[in-house]
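Below are the chains, spelled out letter by letter.
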Amino acid sequence: ALAGVDHGAKNRGVPKASVRMLSQADAARVAVVRLKAAHTWRAVPRTARLLSPKDREDRVEKICEVTEDFCLQPQTAGLAVSMFDRVCAKAALGAEINVPLDVVGLVCVLVATKFQELRVPAIEELAKMDLPKGRAPRSRILMKEAEMTVLCLLDWDLHEAAPHQYLEHLFQITGASKSCVKRAEFFVDMSFYEARMLDFSPIAIAAGSLMLAWQQLGDIESENKHTAQLACLCEVDLKTLFLCRHILMDHFESVFKTCEVTVRVPASAPMDDSLRSESPDSIFAPLDAMSVVPRPPGSKVDPDKFFSPLRCPPSLPLAGQSLAGSCR
């Protein structure tokens, strides 16, 4: 790459300003282009969806619970969910899967961990997770055979870009505030549960999450300035991005039962979740008061006992922890 560079240029009085370094935003744009080129998004057709939205949400919940119990990163959960959806799509299209879906979910977590984390959960401990009541414990042999089955169904094509990876670059491109970053990251995590998000690419989900964060913060300036640019980066029209944002907001409201008018309940009345009403500001207020968004503690896991020592010595911290041992 340096063969054509004239190293004597500086001796001939060429000004240093002629060699311009990329700005942070420009470098992030280049990174997004490269990320898209390296990872081809595979849409899951609606005809290839094995589970109903409710059943899929239950499976995703189990996958996320396992990743939280082992203090894994949100990116690991996202990659595991993506692999799970691809396996289910193969089954819906006629591929034979002799592995229960609960085991498929655990194997997807195991494979995703090998890509994203420094330490891999021990198979014996992973096999105990999400064990249906009354079922005999899963053997190590079963888990290894299930892993090979999943890998073959995925055609060993495991390199995927999660929305979180795109989101980090979009933050740099748009100069997102701390409050915006926390909300957008939350919405990306939330998107895993919503089956309708399978219609959108990872970068579109990241962009939709960022747009929803602007909307909730009332940041009209950023929305007007960057929305068209986001559509260009995602290679979709504005209608698609606004639909993505709408679905995210719809899911958010269905989960947190948000509304503008709070239902007033007497203090003496028993608590009823059906009467609970929250605003986006009240939900995110605890996060805004923190410098770092905490992850669930995952206190069930003893890292020195439950993690494989093959990839990382026990003295190193868990993924998501600092060298001082504090949880993210």
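Remember, it's a predicted structure, so these values are computed and weren't measured experimentally.

A. Structural context of the overall build of the protein chain. Along its length, the protein chain carries 13 helices and zero strands. Going from the N terminus to the C terminus, the protein chain shows its helices and strands as α-α-α-α-α-α-α-α-α-α-α-α-α. A burial count over the protein chain gives 43% of its 328 residues as buried. Once local pairs closer than 6 in sequence are excluded, the contacts in the protein chain between residues at least 24 apart make up 75%. If you sum the accessible surface of the protein chain, you get close to 18,100 Å²; carbon and sulfur atoms cover 57% of it.

B. Representation of the environment of Val-66 in the model. Summarising the element assignment, Val-66 is placed in helix α2 (residues 53-69). As for Val-66 and Leu-126, which are separated by 60 residues in sequence, their C-alpha atoms are 8.2 Å apart.

C. Quick look at the state of the cysteines. Enumeration over the complete set of coordinates arrives at zero disulfides. Cys-88 forms no disulfide, and the closest cysteine sulfur to it belongs to Cys-108, at a distance of 8.0 Å. With relative accessibility at 6%, the residue Cys-88 sits in the buried group.

D. Representation of helix α7 (residues 163-174) within the structure. For α7, spanning 12 residues, the distance from its first C-alpha to its last is 16 Å, which sits close to the expected 16 Å at 1.5 Å a residue. Every buried residue belonging to α7 is among Pro-163, His-164, Tyr-166, Leu-167, Leu-170, Phe-171, Ile-173 and Thr-174, and all of these are buried. Viewed end-on, α7 has its buried residues packed into an arc of 165°, placing them on one side of the element. Packing partners of the buried residues in α7 comprise α1 (24-38), α3 (74-92), α8 (178-191), α9 (202-217) and α10 (220-234). Gly-175 sits one or two residues past α7 and shows a positive phi near 65°.

E. Representation of the environment of Thr-149. Take Thr-149: it is sitting in helix α6 (residues 140-153). Thr-149 sits 52 residues away from Ile-97 along the chain, and the two C-alpha atoms are 7.7 Å apart.

What counts as what
Residues numbered from 1 in each chain as written. Predicted model: local features only at pLDDT ≥ 70, side-chain atom pairs only at ≥ 80, totals over all residues. Heavy atoms only, no water. Helix = DSSP H or I, 4+ residues; strand = E, 2+ residues; numbered from the N terminus. Buried < 20%, exposed > 50% of the residue type's maximum accessible area, 1.4 Å probe, protein only. Contact = heavy atoms within 4.5 Å. Areas by Shrake-Rupley, 256 points an atom, 1.4 Å probe, with all protein chains shown as cover. Disulfide = S-S within 2.5 Å. Expected span 1.5 Å × (residues − 1). Arc of directions from axis to C-beta.

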